[in-house]
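Here is how the chains run, residue by residue.
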Amino acid sequence: GAVVSQHPSRVICKSGTSVKIECRSLDFQATTMFWYRQFPKKSLMLMATSNEGSKATYEQGVEKDKFLINHASLTLSTLTVTSAHPEDSSFYICSASPWVNGASNEQFFGPGTRLTVL
Amino acid sequence: SQQGEEDPQALSIQEGENATMNCSYKTSINNLQWYRQNSGRGLVHLILIRSNEREKHSGRLRVTLDTSKKSSSLLITASRAADTASYFCATDAGANSKLTFGKGITLSVRP
């Protein structure tokens, strides 16, 4: 089946530093990848949609200069949290959607990255 | 309120019983999907049902979709302790469009 990996799985950083999270589709090409944020015991909130070779589309209220997204290849998208603050601490999950001529919209999710900002 | 709202928000049952979870949504959809999330983990895709389908089965899972009522249900039969997790429904409006998740249901299956 389609596998999506994320790295790192867990990261602790100091306030003011930047953290990069990678999302890879391991056995398929993903024209579109999505980045979500999840607070404890809450649902997933879409942050941005990342399309290979173009700029990401950010959801309302998400600062694009703070959450930098790069989708340089069909198998890799990165999310960089810049100048991290404690309120950025959260569980970040990516998903990837293989192109199947619009026949389905199944997204395959990564295992998530737990970010803790001290 | 957000698209895709599940009820109940928490469900506790005995192993062997059936678990029924409901999801309602507000706008037109193309597909509705159900996901499972174990604590602190990523999401596992369970089943996708298209807007022109009414029922779908996968193992112990049965999903129904009523587009006239804008609702879906997920039935897990003969539940097991390993089914303990959070369950989310998610809707989309078309190919490669974003998913909108409900708040989730926490299912606890007592051994």
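Residues numbered from 1 in each chain as written. Chains lettered and ligands numbered in written order. Predicted model: local features only at pLDDT ≥ 70, side-chain atom pairs only at ≥ 80, totals over all residues. Heavy atoms only, no water.

Describing the state of the cysteines
Keep this limit in mind: In this description, the term disulfide denotes a pair of cysteine sulfurs within 2.5 Å. Helix and strand assignments come from DSSP, with helices taken as H or I runs of at least 4 residues and strands as E runs of at least 2, each series counted from the N terminus. Burial classes: relative accessible area under 20% of the type maximum marks a residue as buried, over 50% as exposed, and values in between as partly exposed (1.4 Å probe, protein chains only).
Tallying each qualifying case throughout the model produces 2 disulfides over all chains. Covalent S-S linkage joins Cys23 of chain A and Cys94 of chain A, the inter-sulfur distance amounting to 2.0 Å. Its torsion about the S-S bond being 80°, the disulfide of Cys23 of chain A and Cys94 of chain A is classed as right-handed. With Cys23 of chain A in strand β3 (residues 19-25) and Cys94 of chain A in strand β9 (residues 90-98), this pair connects stretches of sequence that are 71 residues apart. Across the pair, exposure class does not vary: Cys23 of chain A and Cys94 of chain A are buried alike. One disulfide in the model links Cys23 of chain B with Cys89 of chain B; its S-S distance is 2.0 Å. Taking the sign of the S-S torsion, about 65° here, the bridge from Cys23 of chain B to Cys89 of chain B comes out right-handed. Of this pair, Cys23 of chain B sits in strand β3 (residues 19-24) while Cys89 of chain B sits in strand β9 (residues 85-92), and the two are 66 residues apart along the sequence.

Looking at the packing of aromatic side chains
What counts, and what does not: We call Phe, Tyr and Trp rings a pair once their centres come within 6.5 Å, taking the six-membered ring for Trp, and we label the pair stacked below 30 degrees between planes, edge-to-face above 60, and tilted otherwise. Working rule: Lys NZ or Arg CZ, within 6 Å of ring centre, within 35 degrees of ring normal, means a charge sits over the ring.
Applying the stated rule across the entire model yields 8 aromatic pairs over all chains. Relative to Phe108 of chain A, the ring of Phe28 of chain A lies with its centre 5.7 Å away and its plane at 55°, an arrangement referred to as tilted. With Phe28 of chain A in the loop between β3 and β4 (30-38) and Phe108 of chain A in strand β10 (residues 108-109), this residue pair connects regions lying 80 residues apart in the sequence. There is no split in this pair, since Phe28 of chain A and Phe108 of chain A are both buried. On the basis of an interplanar angle of 80° and a centroid distance of 6.4 Å, the ring pair of Phe88 of chain B and Phe101 of chain B is categorised as edge-to-face. Taken as a pair, Phe88 of chain B in strand β9 and Phe101 of chain B in strand β10 (residues 100-101) lie far apart in primary sequence, 13 residues in all. Take Phe88 of chain B: its relative accessible area is 2%, and that puts it in the buried class. Note on Phe101 of chain B: relative accessible area 2%, which makes it buried. By way of ring pairs, the aromatic residues Tyr36 and Phe109 of chain A together with Tyr35, Phe88 and Phe101 of chain B are connected into one cluster. Geometry around Phe67 of chain A places Lys66 of chain A over its ring, the cationic atom sitting 6.0 Å from the centre.

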